[in-house]
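Read off the chains here:
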Amino acid sequence: MTAPFERLLQPGSLGPLELRNRIALCPMGVNLGEPDGTAGDDLVAWFHARARGGAGLILVGSASVSYPDGSYDARQVALSDDRFIPGLRRLTDAVRAQGAASAAQLVHDGANSLFDISRGQPLLVPSKRRPPPNDELSLMLTPDELADTMAPFASPSAAYSVRVATDADLEAVVTAFAGAAARAVEAGFDAIEIHAGHGYLIDAFLSPQTNRRDDGWGGDATARATLLVEVVRAVRAAVGAGVAVWARIGAEERHRDPGQTVDDALTAARIAVAAGLDAVHVTSYAEPMVATGITDGHTPHVPGALLPFAARFRAELGMPVIAMGRLTPEAAEAALADGAADVIAMGRPLIADPDLPRKLAAGRRDTVRPCAYQYRCIGAIFRNQVVRCTVNADVGHEAAATESSAPPRSVLVVGGGPAGLEAARRLAERGHTVELWEASDRLGGTLRLAELADPDLLGLADWLAGAAVDAGVRVRFGVVDQEPPVDLDVVVDATGGRWDAVDGAVGPGDLEPFLRGDEGVLGPVVDVVGSSKAALSIARAVRARGRVVRL
Ligand SMILES: Cc1cc2nc3c(=O)[nH]c(=O)nc-3n(C[C@H](O)[C@H](O)[C@H](O)COP(=O)(O)O)c2cc1C
Ligand code: SF4
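Reading the values: the criteria
- Residues numbered from 1 in each chain as written.
- Chains lettered and ligands numbered in written order.
- Predicted model: local features only at pLDDT ≥ 70, side-chain atom pairs only at ≥ 80, totals over all residues.
- Heavy atoms only, no water.
- Helix = DSSP H or I, 4+ residues; strand = E, 2+ residues; numbered from the N terminus.
- Rg over C-alpha atoms; globule rule 2.2 N^0.38 Å.
- Buried < 20%, exposed > 50% of the residue type's maximum accessible area, 1.4 Å probe, protein only.
- Contact = heavy atoms within 4.5 Å.
- Areas by Shrake-Rupley, 256 points an atom, 1.4 Å probe, with all protein chains shown as cover.
- Lys, Arg positive; Asp, Glu negative; His and termini not counted.
- Charge placed at Lys NZ, Arg CZ, Asp CG, Glu CD.
- Pairing = 2+ DSSP bridges.
- Axes fitted to C-alpha atoms, helices over the stretch in contact; angles between N-to-C directions.
- Domains from an automatic or database assignment.
- Buried area = accessible area lost by both parts, 1.4 Å probe.
- Salt bridge = Lys/Arg side-chain N within 4 Å of Asp/Glu carboxyl O.
- Polar contact = N/O pair within 3.5 Å; in protein donor to acceptor, adjacent residues only side chain to side chain.
- Phe/Tyr/Trp six-rings, centres within 6.5 Å; stacked < 30°, edge-to-face > 60°.
- Lys NZ or Arg CZ within 6 Å of the ring centre and 35° of its normal.
- Parallel < 35°, antiparallel > 145°, perpendicular 65-115°, else oblique.
- Left-handed = near helix turned anticlockwise from the far one by under 90°.
- Nonpolar A, V, L, I, M, F, W, Y, C, P; charged D, E, K, R; others polar.
- Near = heavy atom within 4 Å.

(A) Fine view of the overall build of the protein. Within the protein, the regular secondary structure consists of 21 helices and 18 strands. Expected size for 551 residues packed as a compact globule is a radius of gyration near 24 Å; at 25 Å, the protein falls within 12% of this value. Reported as C-alpha extents along the three principal axes, the dimensions of the protein are approximately 75 × 55 × 55 Å. The buried share of the protein, taken over its 551 residues, is 53%. Excluding contacts between residues fewer than 6 apart, the proportion of contacts in the protein whose partners are at least 24 apart in sequence is 71%. In the structure as shown, the protein presents an accessible area of about 23,400 Å², 54% of it carried by carbon and sulfur atoms. Of the side-chain charges in the protein, 53 are positive and 70 negative, and the distance between the mean point of each set is 1 Å.

(B) Looking closely at the sheet that holds strand β16 (residues 490–493). Strand order in the open sheet formed by four strands is β15-β14-β13-β16, with parallel pairing between adjacent strands. In this open sheet, the two edge strands, each paired with only one partner strand, are β15 (474–477) and β16. Within this sheet the neighbouring strands show an average axis-to-axis angle of 20°, counted without direction. Relative to strand β14 (residues 433–438), strand β13 (residues 410–414) runs parallel, the two being bridged by five bridges. Paired with S410 across the strands is T433, a residue of β14. The sheet strands contacting helix α17 (residues 418–429) are β13, β14 and β16, and the helix crosses β14 at an angle near 165°.

(C) Structural context of the domain arrangement of the protein. Split into domains, the protein comes out as domain 1 (12–242 + 340–382), domain 2 (410–493) and domain 3 (508–550). For domain 1 versus domain 2, the separation of C-alpha centres amounts to 39 Å. Contact with domain 1, which involves 10 residues of that partner, is made by eight residues of domain 2. Of the roughly 640 Å² buried between domain 1 and domain 2, counting both surfaces, carbon and sulfur atoms make up 55%. At the boundary of domain 1 and domain 2, one finds one salt bridge. With a closest N to O distance of 3.7 Å, R364 and D470 form a salt bridge. Counting across the interface, domain 1 meets domain 2 through two residue pairs in polar contact (both at pLDDT 80 or more).

(D) Here's a closer look at the pattern of salt bridges. If you walk through the whole model with that rule in mind, you get 43 salt bridges. We note a salt bridge from D215 to R213, for which the minimum N-O separation is 2.8 Å. The class of D215 is partly exposed, set by a relative accessible area of 40%. With a relative accessible area of 11%, R213 lands in the buried category. Put simply, R364 and D366 hold a salt bridge, and the shortest N to O gap is 2.9 Å. Under the relative-accessibility criterion, R364 is labelled partly exposed at 35%. A single network of salt bridges, built from pairs that share partners, joins D394, E422, R425, R426 and E429.

(E) Focus on the side chain of E435. Here E435 is to be found in strand β14. A polar atom in the side chain of E435 sits 3.2 Å from the side chain of R474. Dropping the residues within four chain positions of it, E435 is found in contact with V411, L412, V413, R474 and R476.

(F) Inspection of the packing of aromatic side chains at higher detail. Evaluation of the coordinates by the stated rule reveals three aromatic pairs. Where W46 meets F47, the ring centres are 6.5 Å apart and the plane angle is 90°; that geometry is what we call edge-to-face. Comparing W46 with F47 shows no difference in burial state: the two are buried. Where Y67 meets F84, the ring centres are 5.6 Å apart and the plane angle is 85°; that geometry is what we call edge-to-face. Taken together, the positions of Y67 in the loop between β4 (57–64) and α2 (85–97) and F84 in the loop between β4 and α2 put the pair 17 residues apart, joining distant regions of the chain. This pair shows no difference in class: Y67 is buried, exactly as F84 is. One aromatic cluster is present, built from ring pairs that chain together Y67, F84 and F115. One residue, R50, lies across the ring of W46, its end atom 3.7 Å from the ring centre. The side chain of R119 reaches across the aromatic face of F115, ending 5.0 Å from its centre.

(G) Quick look at the packing of helix α10 (residues 226–239) against helix α11 (residues 262–274). At a closest axis distance of 9 Å, the pairing of α10 and α11 adopts a crossing angle of 25°. The orientation of α10 with respect to α11, classified from their angle, is roughly parallel. In this structure, the crossing between α10 and α11 has a hand that is right-handed. On the side of α10, the interface is formed by L228, V229 and V232, while α11 contributes A268, I271 and A272. Along the lines of polarity and charge, the residues of the contact of α10 with α11 split into six nonpolar, no polar and no charged.

(H) Representation of the site of ligand 2 in the model. The full set close to ligand 2 counts 13 residues, and C371, A372, Y375, C377 and C389 are the nearest of them. Residue assignment for the shell around ligand 2 shows that the elements contributing at least two residues are α14 (348–352) and α16 (376–382). Along the lines of polarity and charge, the residues of the shell around ligand 2 split into eight nonpolar, two polar and three charged.

(I) Region of interest: the site of ligand 1. Not every one of the 21 residues close to ligand 1 is listed here, only the nearest: S62, R248, R326, G347 and R348. One of the backbone nitrogen or oxygen atoms of R326 is found 2.6 Å away from an oxygen atom of ligand 1. In the complex, the protein chains occlude 96% of the 610 Å² of accessible area that ligand 1 would expose alone. Of all the elements in the fold, those that place two or more residues in the shell around ligand 1 are β3 (23–28), α14 and α16. Residues that form the shell around ligand 1 fall into these classes: nine nonpolar, nine polar and three charged.

Below you can see the structure in the form of C-alpha cells.
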C-alpha cells in the first residue's frame, strides 16, 4: 500500500529546477504590492505564508514586464526596472528560507491593461477589435461591483484607445520580457514562467479571434506563435541554460468563434518548446464577457476540468507539465499517478489553507480548510481590491497576523454557527479558555442549511466545528435561556444568523426538510424573495427539484 499523497509529496523537477514536492502555488495577482509597483511587507508576507505552509514552488503571478504600461493595476508586481529588485529580493529570500523555490510569472497585459486605461494610454493589441460580444458579465454585477470594476475608466486621466502593435513595439516587448527575466534572476527567483494565456498580449497573438495580421506576426497557428517564440528565445538568452523557463499556455479558447483550438495550442507549445522551454503550464481561456467566461476558463468551477488537456500536452510534447484547475489533494495525487502531470499547481486551495501541503505531510488531511468555491478572491481582484477569502479571514492580512500578547481570559461564545465557531477557535488558538453554548444539538447554524442549497459549501461547517474542538473549545449543546456565569471575562454574542420572516413564506424549518427530500413541503410554483447569493442558491436548488421558481 502506498502512503497517502506519496507522489504529491515526493521531490520533483522542472528542467534544472529541483522541488521539495510537487505542489506549486498557482500564479495569482493579489493586489498586495505597493502603489508604486514595489514589493512591500504585505506582498512578502502573503508569499512567505504559502512557502511556510509547505508548497514546493511559489509562483509569483503577473509580474509586469513594462510597468506602468501593459499592466492591470498600480499594485501589480513589476520587473520593468531595477528599482523593483530590492523588494522582490526580500520576497524570494523569505520563500527560500522556508525551503520553497520561487518563479516569476512575466506578463504584458495587452488589451487587459486597465492601468493603461486609467492613465489615458493606448492598449497594445495585435489587430483592431472585432465587434464586442454581448456583455453578460456587467449585467450580473451589482451597482457597487460594477462601479469598482469600472473604476479605472472613471479616473480623471482615463481614456480608452488601442494601438495596433508595430514591429518596433513588438521588438520592445520582446526586449522587455528579456530584461524582466534577467531582473527576476537578480532578485533571486529560481525560475521564469512566461504568461502566454488568459487573453494577455502573447495570448492575444496566439488567438485567431484577436490576431488578424498577415505580416509574419499573424496567419496560421505557427505564425501566430511568433511573438511567443521570440519571447522564449530572448528570455532563454537572458537567463542561460541553468534557470528553468516555462510558459503558461491556454489549451483552448471557449465561447469564441474563431478561437484557439487544442491543435493550435499544441502547435504553439511545440515550437515554443523547441525555442527553449523546460516545461509547459497548461491553462485555458474563455471569452470574459460571457457570464461563465472565467469559470469555463483558467479558474474552472468543474473539478479537474483542465486535466485532460494537461495529459494530452504531456503525452504529445514529451515535456514536464504543470497541471491545475480545482484539484483536491486526492485528484492531484491521482493525476500524478495517471501520468497527467509532473507538478500540480493549486490556487484557491492554497488561498483557503496555505498550510495544506504541510498538513498532508503530517497525515492531517482532515484538518485542511476547504475552499468553498464562492469566488470572493478573484472577485476582489476584478473589483481592483486586495485579495480576500470567504473561508480564511487572514487572507490579505498576513503581514498583520501575530501571536496575541493579551493575558489569557475566560470567554463564553453564545451560538455555534459559523461566526461563533470562528470566534471561538481564534480565541482558543490565542490561549484563552473558551466555552461555546449552542441551543440546538448540532454545530454549524444556518451554514448547514446553506450547504444543502449550495453543495460547494459542504465540508466548511464540519471544518469549523472540528477546528474549534481541536483548538480546545469546550462545547455545550442544548443551552437555552441560561444566564452566563458571573466570573467570565468576556461573552461573545454570536446568535446573529436569522431568517427575515416574510408573511406566508416558509422558514428554514420547512426548507431544510424539503432540501433533504421531504417533497410535501413546497407546492409546484415557488416564489423566492431577494437576489442575494443565498436567494439564488435556494432558487437553483428548488428548481433542481422540479419546481417552477419565480425570483
Ligand atoms: C485571486 C486570483 C488571482 C489570479 N491571478 C492570476 C494571475 O495573475 N496569473 C495567472 O496566470 N492566473 C491567475 N489566476 C488563475 C490561477 O492561476 C488558477 O489558474 C486558478 O485559480 C485555477 O486554479 P485553482 O483551481 O487551483 O484555484 C488567479 C486566480 C485567482 C483565484
Ligand atoms: S473560499 Fe472562495 S474566496 Fe476563498 S479561495 Fe475559495 S473561491 Fe476563493
